[in-house]
Amino acid sequence: MEELDSEPTVTLIPGVNSQKKQMCFDWGPGEMLVCETSFNKKEKSDMVPGCPFIHIIRKNEDVYSQILRKLFNESHGIFVGLQRIEEELTGKSRKTQLVRVSKNYRSVIRACLEEMHQLAIAGKDPAIGRQFSIQVSSLSAMELIWNLCEILFIEVAPAGPLLLHLLDWVQLHVCEVDSLSADVLGSENPSKHERFWNLVTVLVLQGRLDEARQMLSKEADSSPTSAGMCRILGDLMRTMPVLSPGNTQTLTELELKWQHWHEECERHLQDGTFASSPHLESLCKVMLGDEAALLEQKGLLSTWYHFLVSRLLYSHPTVKPTDLHFYAQSSLDLFLGGESSPEPLDNILMAAFEFDIHQVIKECSIALIAQPLLWIQHERVPLAGICLRTLCSSQPVAAGERKALKVLRVCEQRQMTEQVRSICKILAMKAVRNNRLGSALSWSIRAKDAAFATLVSDRFLREYCERGCFSDLDLIDNLGPAMMLSDRLTFLGKYREFHRLYGEKRFVDAASLLLSLMTSQIAPRSFWMTLLTDALPLLEQKQVIFSAEQTYELMRCLEDLTSERPVRGEPDAQQLQDDDVETTKVEMLRLALARNLARSVIKEGSLEGS
């Protein structure tokens, strides 16, 4: 039966009094029906007004909202369709098809997001509006992450086109500029609008230089004194080298042109061309990739990844994918400035920039725990869902072993080996904490984790030393080839086999196995005294079990063990008592070994004489 990590929460149903009325309930898929009954009424005086309603109780109303159901169904269809054509996809057609499917999936998320956004704005109930706003934030983060992963892991954009994709990514997800543009351009005199220069600056930060030039032309028309400066800066924007999608120039050519353009911008700044206009001078510094000038616009950039893309655009336009994580980390550090810590979304994006897809999914799973509305309950979930749900392996304890097994099956079907190991290891650790050693060993074997299997095997052996018997005998007896996972696990299995042979009175086989465990060095040194003690009943049998050669081997093992006993300081009473017990054991073993050696020599001599 599945273990509960905490007591279930009590759900109070309005109008229902379970103290006065007997309740009736019936389970359904994902919900439960509850109503009052007239059962077990003893007296008419107990008649009290009841609740005439049948209540439907659901675990999470969000999952049943019409918009989210639409999202689940459409994205599920996309995922199933991809599974059908996956084997047919090869070469370039595979990449093209995957990009198409990914964009289709993002369009479904965005359509759902926009519909929720409209409902959040139009809703009359503030509580419902807040609920929709939370869902909009969650879906926005999902699409932001998915879009970046599409660029880095599916498109696999090389240097040059990589920056173009990142610019599109920022422009799509930092959309405040569009409302700002509508506000400024909708005024009677845009160049005199209080946020005019904010608009020009954010257009430059997003690489939308044609739109920025149009705004500068409005400033030039309304202010003749700055017309010349606006024209020069506009020309710099127009001539900035950019690698367009259909352009055939090489990266080397682009870098040479960009370096020449950068020097021209630097010359105008040094000559004081824009000195009389702080706004234009600040824009020129931004276009030079000046970090201080960029950080001055932190309010307009709003996020560190916007700062990263703007910084790359004007400092490293041909950045290679392999160098991306260096700039991402430094941009995050510069933008936060030690004033705050990274949010979960920041960690996910950083893992993507480091090209660590497993860490991306793991971070997503951690964030997903706090967003239960995104738990998709279908086994065949959409592309994002399978990643997020599967890698909730970082928190499988919350789901229990039954649900963890379901997630494991999905992982194994998708051949996600690392995730299978992660889930199994976490469940093994949970079982060890609960002192369920059999379950812990089973999970560590499934995870193929030799180190953890060794740890659990040691716990089994320690338990044996304390209690004199093994727990979970069925598991240990049926280890099979799994016992080869680690030396300690092999020893545990073979030591249990020794006890089984002894119990079946197959003393000769048991003695050979016991000796081989010691001479092959597979037994831990700390367990040698236990093994030698186990040999005592065999040494005292009427029949000679150990041969003379085997007895010599046991003597050697005993002497090796006693010669390595550590020299301790002033012993306390407990140490003295333990030493007395140990000394008694050694003396009994030496006596038994000596007697057995004499008996075996006589027996073997008699056999040779005959």
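One can find the structure itself at the top, above this paragraph.
This one's a predicted model, so the numbers in the text were calculated from it and none came from an experiment.

On a plain count of helices and strands, the protein chain comes out with 27 helices and three strands. Summarising the internal contacts of the protein chain: among those between residues at least 6 apart in sequence, 63% fall at separations of at least 24. Accessible surface for the protein chain amounts to roughly 33400 Å². Of this, 53% is attributable to carbon and sulfur atoms.

Relative to each other, helix 23 (residues 487-503) and helix 24 (residues 507-519) sit at 155 degrees, their axes nearing to 8 Å. The orientation of helix 23 with respect to helix 24, classified from their angle, is roughly antiparallel. By crossing handedness, the relation of helix 23 to helix 24 is classed as left-handed. Of helix 24, the residues touching helix 23 (which contributes Phe491, Lys494, Tyr495, Glu497, Phe498, Leu501 and Tyr502) are Phe507, Asp509, Ala510, Leu513, Leu514 and Leu517.

With that out of the way, let us pick up the packing of aromatic side chains. With the rule as written, the count across this model stands at nine aromatic pairs. Ring plane angle 85 degrees and centroid distance 5.9 Å describe the contact between Trp304 and Tyr305, whose orientation is recorded as edge-to-face. Each member of the pair, Trp304 as well as Tyr305, carries the same accessibility label: buried. Judged by centre distance (6.0 Å) and plane angle (70 degrees), the ring pair of Trp304 and Phe353 falls under edge-to-face. Highlighted residues: Trp304 in helix 13 (residues 304-315) and Phe353 in helix 15 (residues 344-353), separated in sequence by 49 residues. The same class applies to Trp304 as to Phe353, namely buried. Members of the aromatic cluster, connected to one another through ring pairs, are Trp169, Trp304, Tyr305 and Phe353.

Looking now at the packing of helix 8 (residues 227-239) against helix 10 (residues 278-287). One way to put it is that helix 8 packs onto helix 10 with a least axis distance of 11 Å and a crossing angle of 15 degrees. It follows that helix 8 is roughly parallel to helix 10 by the angle criterion. Of the two possible hands of crossing, helix 8 and helix 10 adopt the one that is left-handed. Taking contact as the criterion, the partners of Met229, Cys230, Leu233, Leu236 and Met237 in helix 8 are, on helix 10, Leu280, Leu283, Cys284 and Met287. Grouping the constituent residues of the contact of helix 8 with helix 10 by class yields nine nonpolar, no polar and no charged.

Before going further, it helps to examine helix 6 (residues 196-205). Judged by how many residues are buried, helix 6 sits mostly within the fold: nine of 10 residues are covered. Those residues of helix 6 lying buried are Phe196, Trp197, Leu199, Val200, Thr201, Val202, Leu203, Val204 and Leu205. A positive backbone phi angle near 75 degrees is found at Gly207, which sits one or two residues after helix 6.

All right, on to the pattern of salt bridges then. Tallied over the entire structure, the rule returns 17 salt bridges. One salt bridge connects Arg311 with Glu291, and the closest N-O pair in it is separated by 3.1 Å. Here Arg311, found in helix 13, pairs with Glu291, found in helix 11 (residues 291-296); they are 20 residues apart in sequence, far enough to count as distant. Several salt bridges converge on common partners, so that one network encompasses Arg106, Arg110, Glu143 and Glu150.

Before going further, it helps to examine helix 13. Under the 1.5 Å per step criterion, the end-to-end length of helix 13 is 16 Å for 12 residues, consistent within 8% with the ideal 16 Å. Most of helix 13 sits inside the fold, with 11 of its 12 residues counted as buried.

What counts, and at which threshold
- Residues numbered from 1 in each chain as written.
- Predicted model: local features only at pLDDT ≥ 70, side-chain atom pairs only at ≥ 80, totals over all residues.
- Heavy atoms only, no water.
- Helix = DSSP H or I, 4+ residues; strand = E, 2+ residues; numbered from the N terminus.
- Contact = heavy atoms within 4.5 Å.
- Areas by Shrake-Rupley, 256 points an atom, 1.4 Å probe, with all protein chains shown as cover.
- Axes fitted to C-alpha atoms, helices over the stretch in contact; angles between N-to-C directions.
- Parallel < 35°, antiparallel > 145°, perpendicular 65-115°, else oblique.
- Left-handed = near helix turned anticlockwise from the far one by under 90°.
- Phe/Tyr/Trp six-rings, centres within 6.5 Å; stacked < 30°, edge-to-face > 60°.
- Buried < 20%, exposed > 50% of the residue type's maximum accessible area, 1.4 Å probe, protein only.
- Nonpolar A, V, L, I, M, F, W, Y, C, P; charged D, E, K, R; others polar.
- Salt bridge = Lys/Arg side-chain N within 4 Å of Asp/Glu carboxyl O.
- Expected span 1.5 Å × (residues − 1).

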